[in-house]
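This is what each chain is made of:
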Amino acid sequence: MEPQSLFFSFLFCVSLTLTAVHLAAANSEGDALYTLKRSLSDPDNVLQSWDPTLVSPCTWFHVTCNQDNRVTRVDLGNSNLSGHLVPELGKLEHLQYLELYKNNIQGTIPPELGNLKSLVSLDLYNNNISGTIPPSLGKLKNLVFLRLNDNRLTGPIPKELVGISSLKVVDVSNNNLCGTIPTSGPFEHIPLNNFENNPRLEGPELLGLVSYDTNCS
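Taking an unreviewed UniProt entry as the reference, the chain is identified by name as Leucine-rich repeat protein 1 belonging to Stylosanthes scabra.

Structure below.
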């Protein structure tokens, strides 16, 4: 075989390999989203297009993908959904926006959401979510918006969130959080009313004079 033919054969093989990798990734992300669908009650059939037999979830309504067919947005705000979140969401490694606000989602926030290293916005406000805010969310170094207000969250605001320098908006009002309000890092510029109506939340921290986990037993 001539060198030119060999070269084109090589390029063809590389192209096939890359296509296979992208399809496998799309399938994995589709599986993760279909697992979420199965955990939710959807009386308005918002998720009707989420068909697991399709090769890629990029054709599903309320899902946005990048040019490599990787999921970057899930927009399911105000969709009359109930049920719970699933740890498989942590497999959407290119996800930038997870919008699930104004539903009736219950259960806890999966710690696996801390694996979403591209995440810019996590909007879970106005649901019925309980449990604690996972410290693993501190790994989300691109996070700008963290809105968890109007749920039933308990426990402290994780210290790990202080290390997210990109964080611009934090709202955890109207929960049942405890401990003290952080004041360092991005929290220096968060208005105090974004922490209100947490009866057991003290604050703000007084340069280490107040125990961080006070009133949080």
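> Can you help me understand the state of the cysteines in this one?
Here a disulfide denotes a covalent bond joining the sulfur atom of one cysteine to the sulfur atom of another. As enumerated under the stated definition, the model contains two disulfides in all. The residue that forms a disulfide with Cys-178 is Cys-216, at a sulfur-sulfur distance of 1.9 Å. An S-S torsion of about 50° defines the bridge between Cys-178 and Cys-216 as right-handed. On the criterion of sequence distance, the pair formed by Cys-178 in strand 12 (residues 176-180) and Cys-216 in the segment after strand 13 (200-202) is long-range, its members being 38 residues apart.

> What should I look at first to understand the pattern of salt bridges in this one?
Side-chain pairs of opposite charge can arise whenever the charged atoms involved come near each other. Overall, the coordinates contain four salt bridges when judged by the stated rule. One salt bridge in this structure joins Arg-70 and Glu-93, with 3.4 Å as the shortest N-O distance. Note that Arg-70 is positioned in the loop between strand 2 (63-65) and strand 3 (71-75) and Glu-93 in the loop between strand 4 (82-84) and strand 5 (97-99), a separation of 23 residues in sequence. Given the relative accessible area of 44%, Glu-93 is considered partly exposed.

> It is not clear to me how the sheet that holds strand 12 should be interpreted in this structure. Could you clarify?
Neighbouring strands of a sheet are bound in pairs by backbone hydrogen bonds; such pairs are parallel or else antiparallel. Pairing is parallel in the open sheet, where four strands are placed in the order 8-10-12-13. Sheet topology places strand 8 (130-132) and strand 13 at the edges, where each strand pairs with a single neighbour. Direction aside, the axes of adjacent strands within the sheet are offset by 20° on average. By the bridge criterion, three bridges tie strand 10 (residues 152-156) to strand 12 in an arrangement that is parallel. Note on strand 12: the bridge partner recorded for Pro-156 is Cys-178.

> Any chance you could explain the pairing of strand 3 here in plain terms?
Side chains on a regular strand alternate between the two faces of the sheet. Inspection of the sheet shows strand 2 paired to strand 3 by three bridges, in the antiparallel sense. Residue Thr-64 lies in a different strand from strand 3, and its bridge partner there is Arg-73. Hairpin connection of strand 2 to strand 3: five residues between the antiparallel strands, including Asn-69 at a positive phi of 60°. Strand direction decides the pairing type here: strand 3 and strand 5, joined by three bridges, are parallel. The residue bridging Asp-75 from the neighbouring strand is Glu-99, located in strand 5.

> How do you make sense of the pairing of strand 12 when you look at a structure like this?
Within strand 12, four of the five residues are buried, which leaves the element mostly enclosed by the surrounding structure. Relative to strand 13, strand 12 runs parallel, the two being bridged by three bridges. The partner of Gly-179 across the bridge, within strand 13, is Leu-201.

> What's the story with the nonpolar core in this structure? I'm lost.
Counting residues in each nonpolar core, the largest one holds 47 residues, and the members touching the most others are Leu-33, Trp-50, Leu-89, Leu-98 and Leu-122. At the level of secondary structure, the elements contributing two or more residues to this core comprise helix 1 (3-39) and strand 3. In terms of residue count, helix 1 provides more of this core than any other element does, three residues in total. Apart from residues lying up to four places away in sequence, Leu-89 is in contact with Leu-33, Leu-36, Leu-98, Leu-113 and Leu-116.

> Honestly, the packing of aromatic side chains in this entry has me stumped. Any pointers?
Given two aromatic rings, their pairing is described by the distance between the two centres and the angle made by the two planes. Scanning all chains against the criterion turns up three aromatic pairs. A ring pair is formed by Trp-50 and Trp-60, whose centres lie 5.3 Å apart and whose planes are at 25°; its orientation type is stacked. Note that Trp-50 is positioned in the loop between strand 1 (40-41) and strand 2 and Trp-60 in the loop between strand 1 and strand 2, a separation of ten residues in sequence. Residue classification places Trp-50 among the buried residues on the basis of a relative accessible area of 1%. On the numbers, 5.0 Å between centres and 10° between planes, the contact of Tyr-101 with Tyr-125 is stacked. Remark: Tyr-125 occurs in the loop between strand 7 (121-123) and strand 8 and Tyr-101 occurs in the loop between strand 5 and strand 6 (104-106); sequence separation between them is 24 residues. We classify Tyr-101 as partly exposed; its relative accessible area is 24%. Against the face of Tyr-97 rests Arg-73, its NZ or CZ located 4.3 Å from the ring centre.

Cut-off values and rules
- Residues numbered from 1 in each chain as written.
- Predicted model: local features only at pLDDT ≥ 70, side-chain atom pairs only at ≥ 80, totals over all residues.
- Heavy atoms only, no water.
- Disulfide = S-S within 2.5 Å.
- Helix = DSSP H or I, 4+ residues; strand = E, 2+ residues; numbered from the N terminus.
- Salt bridge = Lys/Arg side-chain N within 4 Å of Asp/Glu carboxyl O.
- Buried < 20%, exposed > 50% of the residue type's maximum accessible area, 1.4 Å probe, protein only.
- Pairing = 2+ DSSP bridges.
- Axes fitted to C-alpha atoms, helices over the stretch in contact; angles between N-to-C directions.
- Core = buried A, V, L, I, M, F, W, Y, C linked by side-chain atoms within 4.5 Å.
- Contact = heavy atoms within 4.5 Å.
- Phe/Tyr/Trp six-rings, centres within 6.5 Å; stacked < 30°, edge-to-face > 60°.
- Lys NZ or Arg CZ within 6 Å of the ring centre and 35° of its normal.

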